[in-house]
Structures are given as C-alpha cells and as structure tokens.
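# Descriptive analysis of the structure
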Amino acid sequence: MIFLEKANQLKDKALEIGRVTSQHKGAYTLLSLEGEFQAKLPGKFYYQAHTNEELPAVGDWVGFIPLEHEQAMIEKVLPRTSKFSRKKAGDEAEEQIIAANIDFLFIVSSLNGDLNINRLERYLLLCWESGASPVLILSKADLCDNIIEKAAEVEAVAMGVPIIPVSSLEKRGMGELSPYLAMGKTAALVGSSGVGKSTLLNSLAGRSLQAVKEIREQDSKGKHTTTHREMFLLENGAFIIDTPGMRELQMWEGNEGISTQFGDVEEYAELCKFRDCTHEEEPQCAIRQAIQQGLLQEERYRSYQKLQREIQYSKRRADKHLQSLEKKKWKKTAQNRMGQR
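My aim in this report is to walk through the structure given alongside it, one point at a time.

## Looking at the overall build of the protein chain
In terms of helices and strands, the protein chain carries 10 helices and 13 strands. Taken across its 341 residues, the protein chain has 48% of its residues classed as buried. In the protein chain, of all internal contacts separated by at least 6 residues, the share reaching a separation of at least 24 is 65%. Of the roughly 18300 Å² of accessible surface on the protein chain, 49% is carried by carbon and sulfur atoms.

What follows is the structure in structure tokens.
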C-alpha cells in the first residue's frame, strides 16, 4: 500500500505518515492510516522557508506527530515527484503550487463556448513542466454536435496527448479515464469555472463529493463551485484533486515545458540558416518557410513567441523576488546575532 511505501521513505519511526488533502490559511487536513487529522506547522517551518514552495501543499506526503483530539504537528515534507504550479494571481512574483505529487493532470474544457485553444496550450505547457502527464478531457459531449471537428482542433496543439470526450449526464467516456485512476495513482482536475470538474469528480467517485452549479447559457461562463483545492481518496485507492476554476493562468516556469509543447516549432528553428535568426525577415528562415507552406500555423508560432516572452519576464521577476528574500533573511540573521551579544 502506498502509505506504507511512503512511511518507509520517512526513515523516522517517531513520525506518522500522512497526505495533505486540503489547506486553509496555515491549517492542513491530513489523511493517514489512522484517520484524518487537523494539522499545523511548527514555527521553525516558517522561519526556515524562503518561499511558499517549501511549505506543504495539497498532495504532499508529510511526516507528522499526532496530538490529542485528532490534532497534529507537521514535522517533515517528503520530496515531491511532481508539482503543478502557476504564478500567483496578481502582481506578486511568487509561485503558487496547485497540486503536488500528481501522476496525471486532467485538463477539462467543455465543448461549448469555453473551448479556448490558447488556454489549453498554457495548461499543457505548465503540465509538461510539472512532471505529470496531461490528459485532455472535453466535457459536456452531449451538448456538442461536431465532436470530431472539435477534437481535431484540440489535437493540432496537443499532439500525442490523450483526448477524451466525456458526458457526466450520459456516463460517456468514464471508462476511458479508469486507467489513469488505478490504485495509488493521483490525478488533479484543472480548468475554468463551469466546465464540469465537480460533476466529473462526482461521476468518477460514484457519489456526491462536491456541489455543482449550472453555467450561464448566454456566455458559457460558470460560477466557482469549488472554492479551494481538495483531494479525495476514491474507493479503489486512487486519489483525485479538485481545484477551483482559474481566471489567471500565468507562467511561473516553462523552459522545459515549452520545448515539449512546441517541439515542432523548435525543430523548424533548428533548420534556420542563421543561429540567431529572429524568424522575421532573414533569408532561408525555416520558420517562415514552414508557415508559408502551411506546415506551421502562424497563430501557433505567435503563441509560442508570446509564452516565451512571458516565461522570461516571470523568471526575471522571480529572480529579483528571491534576491529580495535572501537580503531579508541575512538581515534578520544579523539582527538575531546582534541581539545575542
């Protein structure tokens, strides 16, 4: 069983093994072999952590000390095998971890006005960067008359990624998701509000785990049903994480992910005559030739450029943010030393 495997990785018999299922303003809910615990972090965690990345996130495996009345204290976070994250919403140059230790990312987009190819490219890029494997789920298939055309449109930017049309109402496509939800595996549901993530979760679980709301028919927009990230243990031993709809999906990292998501673009770039080709006016530019010959869509290349610029901008801001945190750390350490004299 996966809990026993993770307990062996702890190498500390004084600690119990648990997994973070939800997080609320510094308080964590843990699932363990002994049941659920409400946990907190000792002060040393906050003192030693430079960034939020070093604090527990939903999906993390942790070592904890059980206390009275189902309370607990988290003492250790096991190394992550993957993490799906984005830049924190707003102006802060800080990472926000959406889900940790996931095997598959279920990217859900409904077959209505919500279907947005550029947004799917962003999800895919961040997924490749995370270390998880993407699965594209096209929900509300019962409301779409041209599924084959829509799926082909998605496939053009998601080459090799499984694309599964589903209908929770008709129970269509659920069996195709079963291989990704085997015992011990973890999947996370991501997508915009109103695409049917909570409804899909309830269908996969075979019971009502999350409340659902209808989308507005006039603009296909939905209200937030899920208000926080939460992980559930299914009856077969698989884990699934439900997440709120994301209004912003800004890049945090992506140098590796962009090479996977836009491998075709970078392959053409390698064929350019000049190594510093800007792919605009240079002679024998393989990118321009591919676009002119219809082998590469202009929109896809522009999307690649835009995401590259965003990644580099985010990286520069993150570097400055880390430098600022490092200065604050050393200032605090110096003040502590002066106080001890």
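## Here we look at empty space enclosed by the protein
Under the counting rule described, the total for this entry stands at 1 cavity of 30 Å³ or more. Volume-wise, the largest cavity comes out at about 40 Å³. Looking at the largest cavity, the residues that line it are Ile107, Val108, Ser109, Asp114, Asn116, Arg119, Leu120, Tyr123, Gly191 and Ser192. Among the secondary structure elements, those contributing two or more residues to the lining of the largest cavity are β8 (104-110) and α3 (117-130).

## Here's the deal with the pattern of salt bridges
For the coordinates displayed, the defined rule picks out 9 salt bridges. Of the charged contacts in the structure, one is a salt bridge between Lys83 and Glu53, with a shortest N-O distance of 2.5 Å. With a gap of 30 residues between them, Lys83 in strand β6 (residues 83-87) and Glu53 in the loop between α2 (43-48) and β4 (61-66) connect regions that are remote in the sequence. Under the relative-accessibility criterion, Lys83 is labelled buried at 18%. Across the pair Arg302 and Glu298 runs a salt bridge, and its minimum N-O distance is 2.8 Å. Placement of the pair is Arg302 and Glu298 together in helix α10 (residues 298-340), with a separation of 4 residues, close to one helical turn. Taking relative accessible area as the criterion, Arg302 reaches 31% and is therefore assigned partly exposed.

## Some words on α3
Between its first and last C-alpha, α3 extends 20 Å over 14 residues, near the 20 Å set by a 1.5 Å rise per residue. For α3, the tally of buried residues reaches 10 of 14 residues, placing the bulk of the element in the interior. When α3 is considered as a whole, its buried residues turn out to be Ile117, Leu120, Glu121, Arg122, Tyr123, Leu124, Leu125, Leu126, Cys127 and Ser130.

## Some points on the packing of aromatic side chains
Enumeration over the complete set of coordinates arrives at 8 aromatic pairs. An angle of 80° between the planes, with centres 5.0 Å apart, marks the rings of Phe3 and Trp61 as edge-to-face. Of this pair, Phe3 sits in helix α1 (residues 2-10) while Trp61 sits in strand β4, and the two are 58 residues apart along the sequence. Judged by relative accessible area, Phe3 falls into the buried class, the value being 3%.

## With respect to the environment of Leu78
By secondary structure assignment, the location of Leu78 is in the loop between β5 (71-77) and β6. With 22 residues separating them along the chain, Leu78 and Pro56 place their C-alpha atoms 9.4 Å apart. Those residues in contact with Leu78, other than ones at most four positions away along the chain, are Lys6, Gln9, Leu10, Ile17 and Trp61.

## Brief notes about the nonpolar core
Formed by 40 residues in total, the largest nonpolar core has its most connected members in Phe84, Ile102, Leu105, Ile107 and Leu136. Residue assignment for this core shows that the elements contributing at least two residues are α1, β7 (95-100), β8, α3, β9 (133-139), α4 (147-155), β11 (186-190) and β13 (239-242). If you tally residues by element for this core, the top one is α3, at 6 residues. Non-local contacts of Leu136, meaning those with residues more than four positions away in its chain, are made with Ile107, Leu120, Leu124, Val154, Ala158, Val161, Pro162, Ile163 and Ile164.

Here is what the cut-offs are and how they apply
- Residues numbered from 1 in each chain as written.
- Predicted model: local features only at pLDDT ≥ 70, side-chain atom pairs only at ≥ 80, totals over all residues.
- Heavy atoms only, no water.
- Helix = DSSP H or I, 4+ residues; strand = E, 2+ residues; numbered from the N terminus.
- Buried < 20%, exposed > 50% of the residue type's maximum accessible area, 1.4 Å probe, protein only.
- Contact = heavy atoms within 4.5 Å.
- Areas by Shrake-Rupley, 256 points an atom, 1.4 Å probe, with all protein chains shown as cover.
- 1 Å grid on protein atoms, 1.4 Å probe; cavity = no way out; pocket = protein on both sides within 12 Å on 5 of 7 lines; lining within 4 Å.
- Points joined across faces, edges and corners; volume = space filled by probe spheres on them.
- Salt bridge = Lys/Arg side-chain N within 4 Å of Asp/Glu carboxyl O.
- Expected span 1.5 Å × (residues − 1).
- Phe/Tyr/Trp six-rings, centres within 6.5 Å; stacked < 30°, edge-to-face > 60°.
- Core = buried A, V, L, I, M, F, W, Y, C linked by side-chain atoms within 4.5 Å.

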